[in-house]
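Observations on chain architecture
Below are the chains, spelled out letter by letter.
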Amino acid sequence: MIKKHIFYPLLFIYSVFQSWMLFPIESTLLSKALYIFSLFIFYVFLAQLHRFVFKIGIIFSLFVTFFIYPTLKVYGEPTFSYIASILYTDSAEAISYIKILPISIFIMLSALLVFTIVLLRTSYEKLNIRFITLVLFLVLIVLPTKKILQYGLRLGVIDDYFNVLPLKRTALVINQLYSVKKDHDYMIEESKKPSSWVIENPSEVSLKENFVIVIGESVRRDFLHVYGFPIENTPFINSSAPFLFDNYISIAPKTVMSLSRTLALVKEDDLKKYELNNNIVSLANTIGYETHWISNQGVVGHHNSPTTVIANRSNFTTFLRKGDGKTGQNPMDTEMLPFITDAISKKSSKPKLIIIHMQGSHPYACDRTENKYDEFILSEEISCYNKSIKNTDAFLKEIYNNLEKTEKPFSLVYFSDHGQYTDGKSMLHSQKPIKEAYEVPFIIWNKEKETENKNTENQTIKKISTRRVGTDFLHLFSQMNNIKTKNITKNYHFISDESNEDKNSKVFDTSENLVNFDTLPDNPINILLKNTKK
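Below is a short write-up of the structure. As the structure is a prediction and not an experimental result, all values here were calculated from the model.

With that settled, the discussion passes to the state of the cysteines. Applying the stated criterion across every chain yields a total of one disulfide. Across the disulfide, cysteine 366 is cross-linked to cysteine 384 (sulfur-sulfur distance 2.1 Å). Between cysteine 366 and cysteine 384, the S-S torsion sits near 90°, and that sign places the bridge as right-handed. Highlighted residues: cysteine 366 in helix H14 (residues 365–368) and cysteine 384 in helix H15 (residues 380–405), separated in sequence by 18 residues. Considered together, cysteine 366 and cysteine 384 belong to a single accessibility category, that of buried residues.

Structure below.
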């Protein structure tokens, strides 16, 4: 047993160490000192109450740190979108996320665990100071009380009233869980509503025999050769003469926030609200498409995401990842190809809308490439990320070729839900809003009826540089099918350089706050590549 007299100095060092692991990202030096002092006083207070109470407090704080510290180091503050992603993530994705964590995080957590065990095994005597417990209690509550008297009790930011970091972090997570639950309840209520599409020109609607939408995952466009990346990783896209949008931005840097407002109708007066009942599948059903949804993203059962709710409106659904909690379940996107081929070639009395949801370049990238890559670029993970782009290009080529084999008119649309941040070693969901988390590829191929002139040698990529935003995706789908509906009020031509008259493009950050995209900082990959060559 360690000597009693070193307990309180040891406890102070422990408070410093744990506070350092839990500091809010943008803490000032004064705030950090206050957090350390508050945590030390908190632990001393628990020690004066009872040995058992102290042990419970230390163990509770340990669990909080084990959850929060990796989040802070890799993903940033535990925001609304982070908590939502946990709710909607299956076990295979969770394992991929764990693989992103650098070894240094596990070393620090192991050190904290050992330190905690040592502290719990150290005996101590209560401080022999009159009214010490009451004094410590008053010291702990003086700042929270001051804030309550100054601002009143605001439940939306309840964590602001805590200075003891394990409690502050717990309050923050509980608050975010409450927000996610409210959003989830809203989603469920919206999903129960019947669609309310009003088609104004039913006799003029023009459907494609096959309309295919491929939703990529975590692809930032500056990693594609067709968008300027120095390594040739998009040979099919480069040579297939599509419409290429080089100023399209996602509405959010996370899957759930992005796709819920891309595939469903957004309320123009409040971008936080979306009409889940009025989505791309329900619109396609209304205008006469036979709808298919083929996905390599999980179905998470009780915690269905907005995307899954939309998918379930389809006539036919195929999910490769069942979200049943089994570890190691990580099928490749190519395993969807037989289902895609069947859907394209299937005889039907109706035209078909086929939506394909990829794993694409989802972190950890080497899981998407079976730990294989061609060129080494900066790090193993970034090399795998580049390989995942090549795989996506080949995947799109297979779908395009299958569509051509039908010898029928078709449209093929590819875009990614959001991008990522890179530090030159890893590919991560961005901790802070950066432009590259929103700048994603958006590409369209259109094949009309065969003409006598089949010469394609002179065909080139058609670039569209005017800003386009994910919330207008249903507007594009309507135009491509010659639909006019009362639900969509936009009237600019999406596949053109015509302005959409949005002076400032608002996007969501990870806390679901609207920010101006044009004011966000850059994280360009080409700068990192140039720096490594010097």
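Quick look at the packing of aromatic side chains now. Taken as a whole and judged by the stated rule, the model has 33 aromatic pairs. Ring geometry for tryptophan 20 versus tyrosine 69: centroids 6.2 Å apart, planes at 45°, classification tilted. Of this pair, tryptophan 20 sits in helix H1 (residues 7–22) while tyrosine 69 is found in helix H3 (residues 51–75), placing the two residues 49 residues apart along the sequence. By relative accessible area, tryptophan 20 is classed as partly exposed at 43%. Clustering of aromatic rings is evident, with ring pairs tying together Phe7, Tyr8, Tyr14, Phe17, Phe42, Tyr43, Phe54, Phe115 and Tyr124. Sitting over the ring of phenylalanine 508, arginine 261 keeps its end group 4.6 Å from the ring centre. Over the aromatic face of phenylalanine 243 sits the side chain of lysine 462, whose NZ or CZ is 5.2 Å from the ring centroid.

The strands making up a sheet associate through hydrogen bonds between their backbones, and the pairing can be parallel or antiparallel. The eight strands lie next to each other as S7-S6-S8-S1-S9-S12-S2-S13, forming an open sheet whose pairing is mixed. On the outer flanks of this sheet lie strand S7 (316–319) and strand S13 (462–464), each paired with one strand and no other. Ignoring which end each strand starts from, the neighbouring axes of this sheet average 15° apart. As paired elements, strand S2 (residues 243–245) and strand S12 (residues 442–447) share three bridges and run antiparallel to each other. By the bridge assignment, phenylalanine 245 is partnered in S12 with phenylalanine 442. Where helix H13 (residues 337–345) meets the sheet, it contacts strand S1 (210–216), strand S6 (290–295), S7 and strand S8 (352–357), and its direction lies at approximately 170° from that of S8. Across the sheet, H15 is in contact with S1, S8, strand S9 (410–416) and S12; its angle to S9 comes to roughly 165°.

Under the defined criterion, the tally for this structure stands at 13 salt bridges. Between glutamate 275 and lysine 267 there is a salt bridge, with its nearest N and O atoms 3.7 Å apart. Since its relative accessible area comes to 29%, lysine 267 is described here as partly exposed.

Before going further, it helps to examine the nonpolar core. Ranked by size, the top nonpolar core spans 78 residues in total, and within it Phe54, Val214 and Ile399 carry the most contacts. When near neighbours in sequence (up to four residues on either side) are disregarded, isoleucine 399 contacts Val212, Val214, Leu337, Ile340, Ile344, Ile356 and Leu412. Of all hydrophobic cores here, the second largest spans 42 residues; its members include Ile213, Ala264, Val281 and Leu353.

Most of S9 is tucked away, with seven of its seven residues classed as buried. Neither face of S9 is open: one carries Phe410, Leu412, Tyr414 and Ser416, the other Ser411, Val413 and Phe415, and all of them are buried. As defined by bridge partners, S1 adjoins S9 across seven bridges and the pair is classed as parallel. Residue phenylalanine 211 lies in a different strand from S9, and its bridge partner there is serine 411.

On the surface, Leu34, Phe37, Phe131, Leu134, Val135, Phe137, Leu138 and Val139 cluster together to form a nonpolar patch covering roughly 700 Å² of accessible area. Among the elements of the structure, helix H2 (29–49) and helix H7 (132–151) are those that each provide at least two residues to the nonpolar patch. Per element, the largest residue contribution to the nonpolar patch is five residues, and it comes from H7. Relative to the elements of secondary structure, phenylalanine 37 occurs in helix H2. The class of phenylalanine 37 is partly exposed, set by a relative accessible area of 43%.

With that settled, the discussion passes to the packing of H2 against helix H8 (residues 165–192). Helix packing geometry: the angle between the two helix axes and the distance between the axes. Put simply, H2 and H8 touch, their axes get as near as 9 Å, and they point 100° apart. In terms of their interaxial angle, H2 and H8 are classed as roughly perpendicular. Contacts between H2 and H8 involve Tyr35, Leu39, Phe42 and Tyr43 from the first element and Leu165, Pro166, Leu167 and Lys168 from the second.

The rules behind these values
Residues numbered from 1 in each chain as written. Predicted model: local features only at pLDDT ≥ 70, side-chain atom pairs only at ≥ 80, totals over all residues. Heavy atoms only, no water. Disulfide = S-S within 2.5 Å. Helix = DSSP H or I, 4+ residues; strand = E, 2+ residues; numbered from the N terminus. Buried < 20%, exposed > 50% of the residue type's maximum accessible area, 1.4 Å probe, protein only. Phe/Tyr/Trp six-rings, centres within 6.5 Å; stacked < 30°, edge-to-face > 60°. Lys NZ or Arg CZ within 6 Å of the ring centre and 35° of its normal. Pairing = 2+ DSSP bridges. Axes fitted to C-alpha atoms, helices over the stretch in contact; angles between N-to-C directions. Contact = heavy atoms within 4.5 Å. Salt bridge = Lys/Arg side-chain N within 4 Å of Asp/Glu carboxyl O. Core = buried A, V, L, I, M, F, W, Y, C linked by side-chain atoms within 4.5 Å. Patch = residues over 30% accessible without salt bridge, like charges linked within 9 Å, V, L, I, M, F, W, Y side chains within 5 Å. Areas by Shrake-Rupley, 256 points an atom, 1.4 Å probe, with all protein chains shown as cover. Parallel < 35°, antiparallel > 145°, perpendicular 65-115°, else oblique.

Any link to function would need more than the numbers given here.
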